[in-house]
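Chains, contacts and geometry: an overview
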Amino acid sequence: MKRTIDVPWTPVTPPKDGKIVQSGGSAVALDFSHDPQQKYIFMINQNNAQVEIIDRASGKNLGHFGRPGSSGEFNQAHGHRRDSKDNIYIDGNRGKRVHKFKIVAQ
């Protein structure tokens, strides 16, 4: 391992007894952009229910997409793949569906 990239998170799991308890982050999958330099890292942050977009060279978090929910949103996003046209497909453990995204600005 060459370095650690810190990615802040906030748990979205319903609190137990009205109190949220942080028990650790959950980066469940990552992928690199298809450009020759693989400039961007796309990482599923399951605890935030979103996909983080990270600049690979600097480790800076450039943004994210997704949010917790059940209809058209992430319910425990678990895996992703990119196709040859750079569409991103996110699948959900509990949501039992696949979402398709197109990154429009880089």
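In this text, all values refer to a predicted model and were calculated from it rather than measured experimentally. (Residues numbered from 1 in each chain as written. Predicted model: local features only at pLDDT ≥ 70, side-chain atom pairs only at ≥ 80, totals over all residues. Heavy atoms only, no water.)

1. Side note on the packing of aromatic side chains
This is how it is decided: For Phe, Tyr and Trp, rings pair up if their centres lie within 6.5 Å, where Trp contributes its six-membered ring, and each pair is then called stacked (planes under 30 degrees apart), edge-to-face (over 60) or tilted (otherwise). What counts as a helix is a DSSP run of H or I of at least four residues, what counts as a strand is a run of E of at least two, and both are numbered from the N terminus. Throughout, exposure labels follow a simple rule: accessible area from a 1.4 Å probe, protein chains only, divided by the maximum for the residue type, with under 20% read as buried, over 50% as exposed, and the rest as partly exposed.
Going through the model one piece at a time under the given rule, you end up with two aromatic pairs. Both rings, one in F65 and one in F101, keep their centres 4.7 Å apart while their planes meet at 50°; by these two values the pair is tilted. Within this pair, whereas F65 is found in strand β4 (residues 61–65), its partner F101 is found in strand β7 (residues 98–102), the two being separated by 36 residues in sequence. When its relative accessible area of 25% is taken as the criterion, F101 is described as partly exposed. Where F74 meets F101, the ring centres are 5.9 Å apart and the plane angle is 70°; that geometry is what we call edge-to-face.

2. Quick word on the side chain of D55
For the record, the criterion: Two residue types count as positive, namely Lys and Arg, and two as negative, namely Asp and Glu; His and chain ends fall outside the count. Throughout this description, the term salt bridge denotes a Lys or Arg side-chain nitrogen within 4 Å of a carboxyl oxygen of Asp or Glu. Note on contacts: a residue pair is in contact if any heavy atoms of the two residues lie within 4.5 Å.
You can see D55 is positioned in strand β3 (residues 50–55). Of the buried charged residues, D55 lacks a salt bridge, with K39 as the closest side chain of opposite charge at 4.7 Å. Setting aside residues no more than four positions away along its own chain, D55 makes contact with K39, K60 and L62.

3. Considering the nonpolar core
The condition is simple: We define a nonpolar core as any set of buried Ala, Val, Leu, Ile, Met, Phe, Trp, Tyr and Cys residues linked to one another through side-chain atoms lying within 4.5 Å.
In terms of nonpolar packing, the biggest core is built from 13 residues, with F42, V51 and I90 touching the most fellow members. At the level of elements, β2 (40–45), β3 and β6 (87–92) are the ones that each hand at least two residues to this core. The dominant element in this core, judged by the number of residues it contributes, is β2, at three residues. Discounting chain neighbours no more than four positions away, the residues touching V51 are F42, M43, I44, G63, H64, F65, F74 and I90.

4. Notes on unusual backbone geometry
Negative phi values dominate among residues other than glycine, just as trans dominates among peptide bonds. Residues other than glycine seldom take positive phi values, yet Q38 does so here, at roughly 45°. Its relative accessible area of 33% is what places Q38 among the partly exposed residues.

5. A short note on the pairing of β2
If a strand is regular, its side chains alternate between the two faces of the sheet. Applicable threshold: By this definition, two strands are paired if DSSP reports at least two bridges between them.
Of all six residues making up β2, six are buried, and the element is well covered by its neighbours. Here β2 shows no split at all, with Y40, F42 and I44 on one side and I41, M43 and N45 on the other all buried. The pairing of β2 with β3 spans six bridges and is classified as antiparallel. Paired with F42 across the bridge in β3 is I53. The hairpin turn running from β2 into β3, its antiparallel successor, is four residues long, and A49 in that turn takes a positive phi close to 55°.

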